[in-house]
Amino acid sequence: MSNFFESHWVLTLLLLLPMAGAAACFMVREQQARHVALFTSLVAFAISLPLFWTFRSGTAALQNYTSVPWIGAWGIGYTVGIDGISILMVLLTTFVTPLAVLGSFSYIQRNQRAFYAMLLLLLAAMIGVFVALDLFLFFLFWEIMLIPMYFIIGVWGGKRRIYAAVKFFLFSAIVSLLMLVAIVVIVYLYYRQYGVITFAYNDLVELPIARDLQFLLFPAFALAFAIKVPLFPVHTWLPDAHVEAPTAGSVILAGVLLKMGTYGFLRFALPFFSHAATSPVVIGTIMVLSLIGIIYGAWVAAVQPDAKKLVAYTSIAHLGFVMMG
């Protein structure tokens, strides 16, 4: 049994299971969709839990690794794996999602099949972000993740749900296009140096990038991740999204989505652009913005009568501590 959880198939199963559950939600009665979603998310958590037990902590090598050619002409592959950072993020995601589903049982009374399908699609996309080791695959999951969250806020949210959903989507999607441009530039640099087109993380992370060019490419990644953190002053989408989202959306926002920004910094921005990321200017800027976010978030949270706004601004403050670290 342990051999299965050490194989690459378990990550593929974790990605496919929520997708299958989302499809199943549309095949059952309205009142049954909640039970399908709860069962699917609990099974996903049960599958992910042994990953922690079988994880070999004495090595820095990627585990449960697999790489299968996908779009061969462009060097794009289905490449997934976990390490000491992503294993914890996967466990956090599969733990929080059943709680979000369970907390929606009494709150969501309309369009239940679509709602629970969106939650399960969001689960698959979040897991995909944390296990993807191909930059195109990562970007694909990063963008797909926005779609179910947009609908969760925009359809089942509060009175200003459309405003909050559009603001959340535009903040994330537009800046992510800059990250895509930076990814393409990195792939081109690798092709020019080695004559091979690849989006594989393990290959691209070894590419030596000129110091001056790093200062041009780093902001494209950093801004996309800073918005997801969110780092001051690109945080303004979060209070609106938090307040207007249904409870499940707020739980996933605070519990998982905000962590993706810091994960992106650790997984991509720091290894790819080490000179730029560790320069005094960048470090000083991030430290100052983080400190402002800590003070501002705590100050505003202290006077909030709304519980969701309180959580939103305390999230800004505590993620400021994370970024400062």
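Residues numbered from 1 in each chain as written. Predicted model: local features only at pLDDT ≥ 70, side-chain atom pairs only at ≥ 80, totals over all residues. Heavy atoms only, no water.

## Considerations on the packing of helix α2 (residues 9-25) against helix α3 (residues 33-54)
Turning to step 1, where the next piece is worked out: The contact between α2 and α3 brings their axes to 9 Å, and the two run at 175°. One element, α2, and the other, α3, form an angle in the roughly antiparallel class. Side by side, α2 and α3 meet where V10, L11, L13, L14, L17, P18, G21, A24 and C25 of the first sit next to A33, V36, A37, T40, V43, A44, I47, S48 and L51 of the second.
Turning to step 2, where the next piece is worked out: Of the residues that constitute the contact of α2 with α3, the class distribution is 15 nonpolar, three polar and no charged. (Axes fitted to C-alpha atoms, helices over the stretch in contact; angles between N-to-C directions. Helix = DSSP H or I, 4+ residues; strand = E, 2+ residues; numbered from the N terminus. Parallel < 35°, antiparallel > 145°, perpendicular 65-115°, else oblique. Contact = heavy atoms within 4.5 Å. Nonpolar A, V, L, I, M, F, W, Y, C, P; charged D, E, K, R; others polar.)

## Quick word on the pattern of salt bridges
Turning to step 1, where the next piece is worked out: Inspection of every chain in the model, using the stated rule, returns four salt bridges.
Turning to step 2, where the next piece is worked out: A salt bridge links E30 to R113; the nearest nitrogen and oxygen atoms lie 3.1 Å apart. You can see E30 sitting in the loop between α2 and α3 and its partner R113 sitting in helix α5 (residues 112-131), a full 83 residues away along the chain.
Turning to step 3, where the next piece is worked out: Judged by its relative accessible area of 25%, E30 is partly exposed.
Turning to step 4, where the next piece is worked out: You can call R113 partly exposed: its relative accessible area is 31%.
Turning to step 5, where the next piece is worked out: For the salt bridge of R160 with D240, the shortest nitrogen-to-oxygen distance reads 3.5 Å. Of the two residues, R160 is situated in the loop between α7 (146-156) and α8 (161-194) and D240 in helix α11 (residues 237-244); the sequence distance between them amounts to 80 residues.
Turning to step 6, where the next piece is worked out: The class of D240 is buried, set by a relative accessible area of 16%.
Turning to step 7, where the next piece is worked out: Overlapping salt bridges, with partners in common, bring together R160, K167 and D240 in one network. (Salt bridge = Lys/Arg side-chain N within 4 Å of Asp/Glu carboxyl O. Buried < 20%, exposed > 50% of the residue type's maximum accessible area, 1.4 Å probe, protein only.)

## Focus on the environment of W142
Turning to step 1, where the next piece is worked out: With respect to the element layout, W142 can be found in helix α6 (residues 135-144).
Turning to step 2, where the next piece is worked out: Considering only alpha carbons, one finds W142 and P280, 138 residues apart in sequence, at a separation of 29 Å.
Turning to step 3, where the next piece is worked out: Those residues in contact with W142 that sit more than four places away from it in its chain are V129, S176, M179, A224, F225, K228 and M260.
Turning to step 4, where the next piece is worked out: Of note is the side chain of W142, whose polar atom sits 3.1 Å from the side chain of S176. (Polar contact = N/O pair within 3.5 Å; in protein donor to acceptor, adjacent residues only side chain to side chain.)

## A short note on the nonpolar core
Turning to step 1, where the next piece is worked out: If you look at the biggest cluster of nonpolar residues, it comprises 111 residues, and the most contacted ones within it are Y116 and F221.
Turning to step 2, where the next piece is worked out: Among the elements that take part in this core, α5 stands out by supplying 14 residues, more than any other.
Turning to step 3, where the next piece is worked out: Setting aside its immediate chain neighbours within four residues, Y116 contacts C25, A33, R34, A37, V101, S104, F105 and I108. (Core = buried A, V, L, I, M, F, W, Y, C linked by side-chain atoms within 4.5 Å.)

## Comments concerning the environment of L49
Turning to step 1, where the next piece is worked out: In this fold, L49 is placed in helix α3.
Turning to step 2, where the next piece is worked out: Expressed as a C-alpha distance, the spacing of L49 and L257, which sit 208 residues apart in the sequence, is 20 Å.

## Digging into unusual backbone geometry
Turning to step 1, where the next piece is worked out: Note that the residue after V229, namely P230, is joined by a cis bond; omega there is -10°.
Turning to step 2, where the next piece is worked out: Along the chain, P230 falls in the loop between α10 (211-228) and α11.
Turning to step 3, where the next piece is worked out: Cis geometry marks the peptide bond from F232 to P233, where omega comes out at 5°.
Turning to step 4, where the next piece is worked out: Structurally, P233 is set in the loop between α10 and α11.
Turning to step 5, where the next piece is worked out: The backbone of N64 shows a phi angle near 50°, a positive value even though the residue is not glycine.
Turning to step 6, where the next piece is worked out: The phi angle at N111 is positive, at roughly 50°, despite the residue not being glycine.
Turning to step 7, where the next piece is worked out: Locating N111 in the fold gives a position in the loop between α4 (86-102) and α5.
Turning to step 8, where the next piece is worked out: Assessed through its relative accessible area of 41%, N111 is described here as partly exposed.

## Looking at the pairing of strand β1 (residues 63-71)
Turning to step 1, where the next piece is worked out: Judged from the six bridges that link them, β1 and strand β2 (residues 76-82) form a sheet pairing that is antiparallel. The residue bridging V68 from the neighbouring strand is Y78, located in β2.
Turning to step 2, where the next piece is worked out: As consecutive antiparallel partners, β1 and β2 are separated by four residues, and within that stretch G75 has a phi angle of approximately 70°, a positive value. (Pairing = 2+ DSSP bridges.)

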